[in-house]
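One letter stands for each residue in the lines below.
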Amino acid sequence: MLRLRFAPSPTGYLHVGGARTALFNWLLARRSGGVFILRIEDTDISRSTEEAIEAIIEDMRWLGLDWDEGPEVGGDHWPYRQTGRAALYLEAAHGLLEEGRAYRCFCLPEELAERRERAAAEGRSPMYDRRCRDIPAEEAAGMEKEGRPFALRFLVPEGETVVEDLIRGDVAFSNAEIEDFVLLRNDGSPTYNLAVVVDDLEMRVSHVVRGDDHLPNTPKQVLLYRALGAGEPAFAHLPMIVGQDGKPLSKRHGDVSVGRFREMGFLPEAMVNFLALLGWSLDDSTTLIDRETLVANFALERVSSKPAVWDDDKLTWMNAQYIMALGDEELARVLMPVMVGAGLIAADDEEARERLQRAAPLIRERIKVLSDAVPLLAFLFGEVEVVDDSRELLRGDENVSILRETGKRLLELGRFASSDIETSLRDMADELSIKARKAFQPIRVAIAGSKVSPPLFESMEILGREKCMQRIARALETAREG
RNA sequence: GGCGCAUUAGUCUAGUUGGCCUAGGACGCCGCCCUCUCAAGGCGGAGAUCGCGGGUUCGAAUCCCGCAUGCGCUACCA
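Predicted model only: the values in this text are computed from it and were never measured.

A few points about the overall build of chain A
Here comes step 1: Regarding its fold elements, chain A presents 19 helices and 11 strands.
Here comes step 2: A principal-axis box enclosing the C-alpha atoms of chain A has dimensions of 105 × 45 × 40 Å.
Here comes step 3: When burial is assessed residue by residue, chain A has 50% of its 482 residues classed as buried.
Here comes step 4: In chain A, once contacts between residues fewer than 6 apart in sequence are set aside, the share between residues at least 24 apart is 74%.
Here comes step 5: On chain A, the mean spot of the 61 positive side-chain charges and the mean spot of the 83 negative ones are 3 Å from each other.

Focus on the protein's contact with RNA strand B
Here comes step 1: Residues in close proximity to RNA strand B total 64 residues, the closest being Cys107, Arg185, Asn217, Glu365 and Arg366.
Here comes step 2: Within 4 Å of the protein, atoms of RNA strand B come from sugar and phosphate in 68% of cases.
Here comes step 3: Here a sugar or linking oxygen of RNA strand B sits 3.4 Å away from a polar atom, N or O, in the main chain of Glu41.
Here comes step 4: At a separation of 3.0 Å, a base oxygen of RNA strand B approaches a polar side-chain atom of Lys314.
Here comes step 5: Looking at the surface near RNA strand B, the elements that each hand over two or more residues are helix H4 (109-121), strand S4 (151-154), strand S6 (169-174), strand S11 (308-309), helix H11 (312-324), helix H17 (436-448) and helix H18 (456-463).
Here comes step 6: By residue class, the composition of the surface near RNA strand B is 25 nonpolar, 14 polar and 25 charged.

Description of the confidence of the model for chain A
Here comes step 1: In this model, chain A carries a mean pLDDT of 93, and residues with pLDDT of at least 70 account for 100%.
Here comes step 2: Across the interfaces of the predicted complex, the ipTM metric reaches 0.93, alongside a pTM of 0.94.

Focus: the sheet that holds strand S3 (residues 102-105)
Here comes step 1: A sheet is described by the order of its strands in space; here 3 strands give the open sequence S3-S4-S7, paired in antiparallel fashion. Across the chains shown, the open sheet's two edge strands, defined by having one partner strand only, are S3 and strand S7 (182-184). Taken pair by pair, the neighbouring strands of this sheet meet at an average axis angle of 40°, ignoring direction.
Here comes step 2: Packed on one face of the sheet, helix H3 (residues 86-98) meets S3, S4 and S7 and runs near 100° to S3.

Points about the side chain of Thr21
Here comes step 1: For Thr21, the location among the structural elements is in helix H1 (residues 16-32).
Here comes step 2: Contact partners of Thr21, with chain neighbours within four places excluded, come to Phe6, Val209, Arg210, Gly211 and Leu238.

Quick look at the nonpolar core
Here comes step 1: The biggest cluster of nonpolar side chains holds 109 residues, and the ones touching the most others in it are Met60, Trp310 and Met460.
Here comes step 2: The element best represented in this core is H1, accounting for 9 residues.
Here comes step 3: Those residues in contact with Met460 that sit more than four places away from it in its chain are Leu410, Phe416, Ile421, Leu425, Ile443, Ile447 and Cys468.

Some thoughts on the domain arrangement of chain A
It is common to report an interface's size as the accessible area lost on association of the parts.
Here comes step 1: The assigned domain composition of chain A is domain 1 (1-71 + 239-325), domain 2 (85-238), domain 3 (326-382) and domain 4 (388-481).
Here comes step 2: A C-alpha centroid distance of 75 Å is found between domain 2 and domain 4.

Overview of the packing of aromatic side chains
Here comes step 1: Summed over all chains, the structure comprises 9 aromatic pairs.
Here comes step 2: Ring pairs connect the aromatic residues Phe261, Phe266, Phe274 and Trp310, which therefore count as one cluster.
Here comes step 3: Over the ring of Phe150 we find Arg104; its NZ or CZ atom is 5.7 Å from the centre of that ring.
Here comes step 4: Sitting over the face of the ring of Trp62, Arg262 holds its NZ or CZ atom 6.0 Å from the ring centroid.

A short note on the environment of Ala52
Here comes step 1: With respect to the helices, strands and loops of the structure, Ala52 is situated in helix H2 (residues 50-63).
Here comes step 2: Note on Ala52: relative accessible area 6%, which makes it buried.
Here comes step 3: It is 8.1 Å that separates the C-alpha atoms of Ala52 and Leu14, two residues lying 38 residues apart in sequence.
Here comes step 4: Once residues within four sequence positions are removed from consideration, Ala52 is found in contact with Pro10, Thr11 and Gly12.

A word on the environment of Met127
Here comes step 1: Among the secondary structure elements, Met127 is positioned in the loop between H4 and helix H5 (137-145).
Here comes step 2: Looking at Met127, the relative accessible area reads 29%, which means it is partly exposed.
Here comes step 3: Met127 has contacts with Ala176, Glu177, Ile178 and Glu179, leaving out every residue within four places of it along the chain.

A look at the pattern of salt bridges
Here comes step 1: The tally for this structure, following the rule as stated, stands at 39 salt bridges.
Here comes step 2: In this structure, Glu405 and Arg409 form a salt bridge, with 3.0 Å as the shortest nitrogen-oxygen distance. On the criterion of helical spacing, the pair formed by Glu405 and Arg409 is a turn pair, its members being 4 residues apart in helix H15 (residues 397-412).
Here comes step 3: The exposure class of Arg409 is buried, given its relative accessible area of 12%.
Here comes step 4: Residues Asp420 and Arg415 are paired through a salt bridge, measuring 2.5 Å at the closest nitrogen-oxygen approach.
Here comes step 5: Here Arg415 falls in the exposed class, since its relative accessible area comes to 53%.
Here comes step 6: Salt bridges linked by common partners bring Arg5, Arg39, Glu41, Arg85, Asp199, Asp200 and Glu202 together as one network.

Description of the side chain of Gln82
Here comes step 1: The residue Gln82 is located in the loop between H2 and H3 in this model.
Here comes step 2: On the basis of relative accessibility, which here comes to 3%, the residue Gln82 falls in the buried class.
Here comes step 3: Discounting chain neighbours no more than four positions away, the residues touching Gln82 are Arg39, Ile40, Glu41, Asp42, Thr43, Tyr89, Ala195, Val196 and Asp199.

Describing the state of the cysteines
Here comes step 1: A full pass over the atoms with the stated rule returns 0 disulfides.
Here comes step 2: Between Cys105, a cysteine without a disulfide, and Cys107, which holds the nearest cysteine sulfur, the sulfur-to-sulfur distance is 3.7 Å.

Here we look at the packing of helix H12 (residues 328-341) against helix H14 (residues 373-381)
Here comes step 1: Where H12 meets H14, the closest approach of the two axes is 11 Å, and the angle between their N-to-C directions is 75°. The pairing of H12 with H14 is recorded here as roughly perpendicular in orientation. Between H12 and H14, the residues in contact are Leu335, Val338 and Met339 and Ala373, Val374, Leu377 and Phe381, respectively.
Here comes step 2: Here the contact of H12 with H14 is composed, by residue class, of 7 nonpolar, no polar and no charged.

Thresholds, definitions, all that
Residues numbered from 1 in each chain as written. Chains lettered and ligands numbered in written order. Predicted model: local features only at pLDDT ≥ 70, side-chain atom pairs only at ≥ 80, totals over all residues. Heavy atoms only, no water. Helix = DSSP H or I, 4+ residues; strand = E, 2+ residues; numbered from the N terminus. Buried < 20%, exposed > 50% of the residue type's maximum accessible area, 1.4 Å probe, protein only. Contact = heavy atoms within 4.5 Å. Lys, Arg positive; Asp, Glu negative; His and termini not counted. Charge placed at Lys NZ, Arg CZ, Asp CG, Glu CD. Near = heavy atom within 4 Å. Polar contact = N/O pair within 3.5 Å; in protein donor to acceptor, adjacent residues only side chain to side chain. Nonpolar A, V, L, I, M, F, W, Y, C, P; charged D, E, K, R; others polar. pLDDT = per-residue confidence, 0-100. Pairing = 2+ DSSP bridges. Axes fitted to C-alpha atoms, helices over the stretch in contact; angles between N-to-C directions. Core = buried A, V, L, I, M, F, W, Y, C linked by side-chain atoms within 4.5 Å. Domains from an automatic or database assignment. Phe/Tyr/Trp six-rings, centres within 6.5 Å; stacked < 30°, edge-to-face > 60°. Lys NZ or Arg CZ within 6 Å of the ring centre and 35° of its normal. Salt bridge = Lys/Arg side-chain N within 4 Å of Asp/Glu carboxyl O. Disulfide = S-S within 2.5 Å. Parallel < 35°, antiparallel > 145°, perpendicular 65-115°, else oblique.

Here it is, written out as structure tokens:
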């Protein structure tokens, strides 16, 4: 049984890189009928916050990445955050010390930083020089008793460590390049390398799938697993996600937080599809892939080892595809909070909700993100303000006569249905010997306040005869004012 | 500095063991069609000597070496 985990550190919101990592782990778990674990990596207490944890959980839920063990759902390896698991790390570290696989280091962080700087300046290797390794055990114990603070360092053995990576193949590291890294800080707290290994071991994680910025750290962890007398899990290091300039994705590239994409009106299904394609592909030609297909086909074998570049245009296009696939009711349902958020509809306005229901199909093919609906539909839910560069279409003899005649015909119409409106107004255009496309523009401006709008006649039907008449009248007034 | 990873069109990518690649798909772009505006849709088009230089081979985007470039790691951050 595969056991996978996503282990974010709650120092901020969930960004798209983390979301991609979470998704790949989730897909692997679902594909194999395995277990997906969410674990909060908060060993850095000063930078971790509860708000960040909540935000991450919310975004994971929004993306539909449910976990089988972790915060809010429990599991056999509780707690699923590192604060609260201190005893485990201490136990492992002391075991290592007793076996002589780790040693006390009394160097102070400031001294180390200074030495590192000097070494760099002199062109020497900045690695820890192991000066505390040879302090005799009794002496070290004595210093400990005196109350001298110390960190616990791992004694890196000689040799070579090979990381068997499922995506990159075997990657060899010479142990001589790995310094005796710190396991326990001088305040007794565990470092990342110790905590992940102990947690992944205790949680029986079978596959560690994470960003490839962790690859150089992996030999340290492999060494730790072995020192602890355990086998290591399988590793897979995902390529980084970079911006179009090849630099790691950051705020400079615009929005990188999952929450922002949600706010802008991206659909979770589109995000999931897009994220999946960041480093993975189904075949040589499929781009639109639904969740079920993803779950049924995802495999590490088809994960690329080169950096994945974030392409905003493609995400936007993809989102539009998913919006177009939505049914009428579904579309209206997801649009509702957006309209409410924009202040165009009151949350409890049932009549407006129904109007939105009728209007939604008109804009399905015209929006790429949900928030695009706001400017397009505003004229149906509030008063219109004719945008300046459209004003000219209300002036001039021809336009004025079109508007007058339109007003007359709308009044005389029996049923105020789009097909009847269209028939009548086309007849009008014929009678006035004006091309349809030319005749309808002033009407559009009068009704929607803009040269661009959803289909005119359907919009008029939804707006209703009274409102339409009012707007035609308003437009004629504007024309008269010059 | 050391170690590691990567390098296919403006962009995202396919190309698992070298020949079916005269390099496939998609975004974007351009043109035409459709059309009440804008979209959507249909059809067509431009765009890659597969980072550079060697080598192995009958044959290399695919294997090897070197170089260049980019990125990551090198913390008592994760």
